[in-house]
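Architecture and fold: a report
In case you want the letters, here they are:
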Amino acid sequence: MKIYYEKDVNTDVLKDKIVAVIGYGSQGRAQSMNMAESGLNVVVGLRQDGSSWKVAKEDGLEVMTVEEASQKADIIHLLIPDEIQAQVYEQSIKDGLEEGNTISFSHGYNIHFQYIKPPKNVNITMIAPKGPGSTVRQQYVDGFGVPGLVAVEKDYTGEAMAIALAMGQGCGLTRAGVLETTFKEETETDLFGEQAVLCGGVTELIKAGFSTLVEAGYQPELAYFETCHELKLIVDLIYQKGFAGMWHDVSNTAEFGGLSRRERLITDETRSEMKKVLKEIQNGKFTKEWALENQAGKPQLNRLRDLEADLQIEKEGRKLRKLCGLEK
């Protein structure tokens, strides 16, 4: 495992280069502002007069169309959603590429699964903050930074890693440390984490716990507090102190109950399904399914969103988050 810090960065590599950030969502805004305030020459490429155009201008950044930004820049950093990157690349970026340019990403999805196929005479790099855009920005403003990942898929100029690390420094990532990886490893582990644990696994576990209590006759408000609201407290402890620190800080009753019962919930069958989920990511089944879903206008995703919004736990959650001052 190799980790890069501030001392490992050659800042001169970006001295005369222009970085075009394509997209101005959570990550686009955070990374653009951080790099600009670090002294990098940043432009933002957006759909003309789109919702983000005015915001980026008000933030003091130079804004232009995606085509103009891509033609002007030496480094094109794509921070738009995975499902539209290939289309935008084909329509607005590809024709403006020049020999020695760098195509940069914060997620390896479209390169690893070959939805984007850059020419042979450019660098392909990744610099990926391990945190949401709001945290990337706030940590930078506070004088620190979130950790990150760095990868090089193609080093045409011999400076690809140096360029990616200098961008990472501009975002504040090398203050915390940047771990070297590959496009394959980042993409597959990221998708698996989202599906099996962080998004899919956790929400299904919360839903199951909430439903079990409500169906047994307990108040839904209390069920929400016990299975969802307090989860943040436990996750924060694990984030700050690891498993051992969390077990130390909860009661002995909670520790014994959790340690002695958890494998009855996450069984060999669950682990077997996790392996199937990973295999579907590795063999491309998931990405083909997601591509077809987008081509069809996201009917399954929209249906799942509607079902999720109608869950009892969601209705109770909105009410109780207002009570706790978390929502207006």
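From a predicted model like this one, the values you see are computed outputs, not experimental measurements.

1. Observations concerning the overall build of the chain
Along the chain, the regular secondary structure elements total 16 helices and nine strands. By the compact-globule yardstick of 20 Å for 328 residues, the chain fits well, its C-alpha radius of gyration being 22 Å. Each principal axis of the C-alpha atoms in the chain carries an extent, and together these give about 65 × 45 × 40 Å. Across the 328 residues that make up the chain, the buried fraction comes to 39%.

2. Details of the sheet that holds strand β9 (residues 178-180)
If you trace the nine strands from one edge of the open sheet to the other, you get β1-β9-β8-β7-β6-β5-β2-β3-β4, paired in mixed fashion. Edge positions in the sheet fall to β1 (3-4) and β4 (62-65), since each has one partner strand and no second. Pairing of strand β7 (residues 123-129) with strand β8 (residues 148-154) involves six bridges; the strand directions are antiparallel. Bridging from a neighbouring strand, proline 129 pairs with glycine 148 of β8. Together, β1, β2 (18-22), β5 (75-78), β6 (102-105), β7, β8 and β9 form the strand contacts of helix α7 (residues 160-171), whose direction differs from that of β7 by roughly 25°.

3. Looking at the nonpolar core
Ranked by internal contacts, the top residues of the largest apolar core, which has 27 residues, are Ile22, Ile93 and Phe105. Where this core is concerned, the elements lending two or more residues are β2, α3 (66-72), β5, α4 (82-93), β6, β7 and β8. The element best represented in this core is α4, accounting for four residues. When residues no more than four places from it in sequence are discounted, the contact partners of phenylalanine 105 are His77, Leu78, Gln85, Ile111, Ile116, Ile124, Thr125, Met126, Ile127 and Phe183.

4. Notes on the packing of helix α9 (residues 200-215) against helix α16 (residues 312-323)
Where α9 contacts α16, the two axes come as close as 10 Å, and the packing angle between them is 90°. Here α16 runs roughly perpendicular to α9, going by the angle between their axes. Between α9 and α16, the residues in contact are Ile206, Phe210 and Val214 and Gln312, Ile313 and Glu316, respectively. Tallied by class, residues from the contact of α9 with α16 come to four nonpolar, one polar and one charged.

5. Some thoughts on unusual backbone geometry
The phi angle at glutamine 114 is positive, at roughly 60°, despite the residue not being glycine. Within the fold, glutamine 114 resides in the loop between α5 (109-112) and β7. Using a relative accessible area of 51% as the deciding quantity, one classes glutamine 114 as exposed. Despite not being glycine, lysine 298 has its phi angle at roughly 60°, a positive value.

6. Some remarks on the environment of leucine 165
Assignment of secondary structure puts leucine 165 in helix α7. Excluding residues within four positions of it along the chain, leucine 165 makes contact with Tyr4, Asp8, Val9, Val150, Thr174 and Val178.

7. A closer look at the pattern of salt bridges
Summed over all chains, the structure comprises 18 salt bridges. Residue lysine 17 is joined to glutamate 159 by a salt bridge in which the shortest nitrogen-to-oxygen separation is 3.9 Å. Residue lysine 17 is located in the loop between β1 and β2, and its partner glutamate 159 is located in the loop between β8 and α7; the two are separated by 142 residues in the primary sequence. Note on lysine 17: relative accessible area 22%, which makes it partly exposed. A residue is classified by how much of its surface remains accessible, and glutamate 159, at 33% relative accessible area, is partly exposed.

Conventions and cut-offs
Residues numbered from 1 in each chain as written. Predicted model: local features only at pLDDT ≥ 70, side-chain atom pairs only at ≥ 80, totals over all residues. Heavy atoms only, no water. Helix = DSSP H or I, 4+ residues; strand = E, 2+ residues; numbered from the N terminus. Rg over C-alpha atoms; globule rule 2.2 N^0.38 Å. Buried < 20%, exposed > 50% of the residue type's maximum accessible area, 1.4 Å probe, protein only. Pairing = 2+ DSSP bridges. Contact = heavy atoms within 4.5 Å. Axes fitted to C-alpha atoms, helices over the stretch in contact; angles between N-to-C directions. Core = buried A, V, L, I, M, F, W, Y, C linked by side-chain atoms within 4.5 Å. Parallel < 35°, antiparallel > 145°, perpendicular 65-115°, else oblique. Nonpolar A, V, L, I, M, F, W, Y, C, P; charged D, E, K, R; others polar. Salt bridge = Lys/Arg side-chain N within 4 Å of Asp/Glu carboxyl O.

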